[in-house]
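# Residue-level structural notes
Residues per chain, in single letters:
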Amino acid sequence: MGKVTGFLEIDRQEQRYEPASDRVRHHREFTIPLTEPEVRNQAARCMDCGIPYCHGDTGCPVHNQIPDWNDLVYQDDWEEASRNLHSTNNFPEFTGRICPAPCEEACTLNLEDTPVAIKTVEQAIADKAIKGGWVRPQIADKKTGKKIAVVGAGPAGLAAAQQLARVGTRFTFTSVSQSPAACCAMASPISRWKRAISISVRPRWKPKA
Ligand code: SF4
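What comes next concerns the included structure.

Rules behind the numbers
- Residues numbered from 1 in each chain as written.
- Predicted model: local features only at pLDDT ≥ 70, side-chain atom pairs only at ≥ 80, totals over all residues.
- Helix = DSSP H or I, 4+ residues; strand = E, 2+ residues; numbered from the N terminus.
- Buried ≥ 20, exposed ≤ 12 C-beta atoms within 10 Å, placed from the backbone.
- Contact = placed C-beta atoms within 7 Å.
- Expected span 1.5 Å × (residues − 1).
- Axes fitted to C-alpha atoms, helices over the stretch in contact; angles between N-to-C directions.
- Left-handed = near helix turned anticlockwise from the far one by under 90°.
- Nonpolar A, V, L, I, M, F, W, Y, C, P; charged D, E, K, R; others polar.
- Near = placed C-beta within 6 Å.
- Core = buried A, V, L, I, M, F, W, Y, C linked by C-beta atoms within 7 Å.
- Pairing = 2+ DSSP bridges.
- Right-handed = clockwise from strand over helix to strand, strands pointing away.

What follows is about the overall build of the protein chain. Helix and strand counts for the protein chain come out as 13 helices and four strands. Here the protein chain holds 209 residues, and the buried ones make up 36% of them. Partitioning the contacts of the protein chain with sequence separation of at least 6, the portion at a separation of at least 24 is 63%.

The structure is reproduced here in structure tokens:
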């Protein structure tokens, strides 16, 4: 688990926003990330519950192993935290930003206190993994010889393509846009993602010859 007494000692802290007067003037990401020690502090609040309501049917829909990577971040083992997170989540750099975080609603700490800042920790792991070059294609040993059309190149289509590539099946996108996740990157007025986020996923879904 995180720090045994972490939830008693440490208050929840989330990313901050740039002032509205600044962020209306650009289309870049406007959240201000926590520092690494701050993220570790947040991970330290996790109690590693016997029944972790944060994941599974009561919490995270993609079954992220949240208590595990909270502990890994607290132990400062970010690379293993990244491996764990990417084992259940194709694009944590997306979900760490725009998921409504049912995991936090479900967090046991939310009963009497404030929930663990799970989404903030997730985004920090995902961003550090991209920066550190830890996100690499998982090339299948054998090819299936099959090719599948994936309709739409949004996050769901990209995730499907990534899973196909991992089992050695070629794929092709049928999408109105030339770029993957173009709608998310260019047109979403809600998230205003950095284009770099979607561009960063290309090495992972691009099939190898
Ligand atoms: S429910 Fe909250 S405190 Fe419990 S394991 Fe999940 S994140 Fe940690």
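Further notes follow.
Moving on, we come to helix H9 (residues 118–132). In this model, H9 (15 residues) spans 21 Å end to end at C-alpha, consistent with the 21 Å of a helix rising 1.5 Å per residue. Where H9 is concerned, the buried positions are Ile 118, Lys 119, Thr 120, Val 121, Glu 122, Gln 123, Ala 124, Ile 125, Ala 126 and Ala 129. Here the buried face of H9 lies against helix H3 (36–44), helix H4 (66–74), helix H5 (78–88), helix H6 (92–98) and helix H7 (102–106). Positive backbone phi, at 70 degrees, marks Gly 133, one or two positions downstream of H9.

The next point concerns the packing of H4 against H9. Packing of H4 against H9 leaves a shortest axis separation of 11 Å and a crossing angle of 65 degrees. Here the hand of the crossing between H4 and H9 comes out left-handed. In this structure, H4 uses Ile 66, Trp 69, Asn 70 and Val 73 to contact H9, whose residues at the interface are Ile 118, Val 121 and Ile 125. Of the residues in the contact of H4 with H9, the class split is six nonpolar, one polar and no charged.

On to the site of the ligand, then. Close to the ligand lie 15 residues; Cys 46, Cys 49, Pro 52, Cys 54 and Cys 107 are nearest. Here the shell around the ligand gets three residues from one element, more than from any other, and that element is H4.

Take H3 next. Among the residues of H3, Val 39, Arg 40, Asn 41, Gln 42, Ala 43 and Ala 44 are the ones counted as buried. Looking at the buried residues of H3, the elements they touch are helix H1 (6–9), H4 and H9.

A few words on the nonpolar core. Grouped together as the largest cluster of nonpolar side chains are 29 residues, with contacts concentrated most on Val 73, Cys 103, Ile 118, Val 121 and Ile 125. Broken down by secondary-structure element, the contributors of at least two residues to this core are H3, H4, H5, H7 and H9. Counting residues per element, this core draws most heavily on H9, which supplies six residues. Beyond its immediate chain neighbours, meaning those up to four positions away, Ile 118 contacts Cys 54, Ile 66, Ala 101, Cys 103, Glu 104 and Cys 107.

In terms of residue burial, strand E3 (residues 147–151) counts as a barely covered element, since only zero of its five residues are buried. As paired strands, E3 and strand E4 (residues 170–174) are joined by five bridges and run parallel to one another. Among the inter-strand pairings, Lys 147 is bridged to a residue of E4, identified as Arg 170. Note that the unit made of E3, helix H10 (residues 155–166) and E4 has a crossover that is right-handed.

Let us now look at unusual backbone geometry. One non-glycine residue, Asp 48, lies in the positive phi region at around 50 degrees. Here Asp 48 lies in the loop between H3 and H4. A tally of 13 C-beta atoms within 10 Å means that Asp 48 is categorised as partly exposed. Residues other than glycine seldom take positive phi values, yet His 63 does so here, at roughly 60 degrees. If you trace the backbone, His 63 turns up in the loop between H3 and H4. Given 13 C-beta atoms within a 10 Å radius, His 63 is considered partly exposed.

So, about the environment of Ile 98. Positionally, Ile 98 belongs in helix H6. For Ile 98, a count of 14 C-beta atoms within 10 Å translates into the label partly exposed. Each C-alpha atom, one on Ile 98 and one on Gln 123, is 9.9 Å from the other, the two residues being 25 residues apart in sequence.

Turning our attention to the environment of Ala 44. Among the structural elements, Ala 44 can be located in helix H3. The exposure class assigned to Ala 44 is buried, which follows from the 22 C-beta atoms found within 10 Å. Sequence separation between Ala 44 and Gly 2 is 42 residues, and the spatial gap between their C-alpha atoms is 4.0 Å. The contacts of Ala 44, once residues within four sequence positions are left out, are Gly 2, Lys 3, Gly 6, Ile 10 and Tyr 74.

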